[in-house]
Amino acid sequence: MDEEEWASVESVLGKMLIGAQCQTALHRSQYHRYSTLSSCFSLPQIVLSALSASGQLYSKSLEPGVEQLVITCTAGVSLFCAILGSISNYLKLESKKASHEVCCNAWLLFHDRLSTLLGTARGLRTPTPKEALDNAMTDYTRLYENSPIVAPGAIKAVKKRIRAFAPQAFRSHVPVFLNGWSVANVWGADADDFSDNSV
């Protein structure tokens, strides 16, 4: 009886593994995107602030007319740096980067836990099939609820990578958050009754 229960639970957990891999890839790509954007805003601020400070120090040794021009230029650079900082804060690049990093790591840990469970012989698994399914569903739901929304471009990029590199067994079970539409899988129903939902 336990063997039959594990067979159906393993099928569900296997689909959760695929979902966790996809979520990890999505959040990793979003983390790198926001990290790059954050650098694009931060590095010019650092460089321009240093130039502005140098210009202010250098202006003291210049003639009054030139000194006023350098002071005006450094004030303009400081204003530009302030605008860059305000835009960066408004876009919340650092917090988005951090939240995608946390989610990526959480989904990866979830994936590793499930992989370890499924890779262990059925007789050596400590939870019962029902406990394993309940624990996995609780963790999966919590992770999904806590994950920030991913940009459509990242979803398209992950789907493209799945089409190019994933084995057919993986592609036939792509989660609904990548595909957009899904048919419910009913335990024990004939698989031929369902339409293909692959990428």
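The structure contained in this document is the topic of the report that follows. A quick note: this is a predicted structure, and the numbers were derived from the prediction, not measured.

## Details of the side chain of S88
No. 1: Looking at the element boundaries, S88 is found in helix α2 (residues 64–91).
No. 2: By relative accessible area, S88 is classed as buried at 12%.
No. 3: Filtering out sequence-adjacent residues up to four positions away, S88 remains in contact with F41 and L93.

## Points about the side chain of Q23
No. 1: Topologically, Q23 is positioned in helix α1 (residues 2–59).
No. 2: Leaving out residues up to four positions away in the same chain, Q23 has contacts with W107, Y144 and F177.

## Quick word on the nonpolar core
For soluble globular proteins, nonpolar side chains are generally found buried alongside one another.
No. 1: Core analysis: the biggest nonpolar cluster contains 28 residues, and F110, I162 and L178 have the highest contact counts within it.
No. 2: Those elements that provide at least two residues to this core are α1, α3 (93–119), α4 (129–146), α5 (152–165) and α7 (176–179).

## Side note on α2
No. 1: When the terminal C-alpha atoms of α2 are compared, their 41 Å separation across 28 residues agrees well with the 40 Å that a helix rising 1.5 Å per residue should span.
No. 2: Restricting attention to buried positions, one finds in α2 the residues V70, T74, C81, L84, G85 and S88.
No. 3: Where α2 is buried, its residues meet α1 and α3.
No. 4: Count one or two residues on from α2 and you reach K92, which has phi positive near 55 degrees.

Rules and cut-offs
Residues numbered from 1 in each chain as written. Predicted model: local features only at pLDDT ≥ 70, side-chain atom pairs only at ≥ 80, totals over all residues. Heavy atoms only, no water. Helix = DSSP H or I, 4+ residues; strand = E, 2+ residues; numbered from the N terminus. Buried < 20%, exposed > 50% of the residue type's maximum accessible area, 1.4 Å probe, protein only. Contact = heavy atoms within 4.5 Å. Core = buried A, V, L, I, M, F, W, Y, C linked by side-chain atoms within 4.5 Å. Expected span 1.5 Å × (residues − 1).

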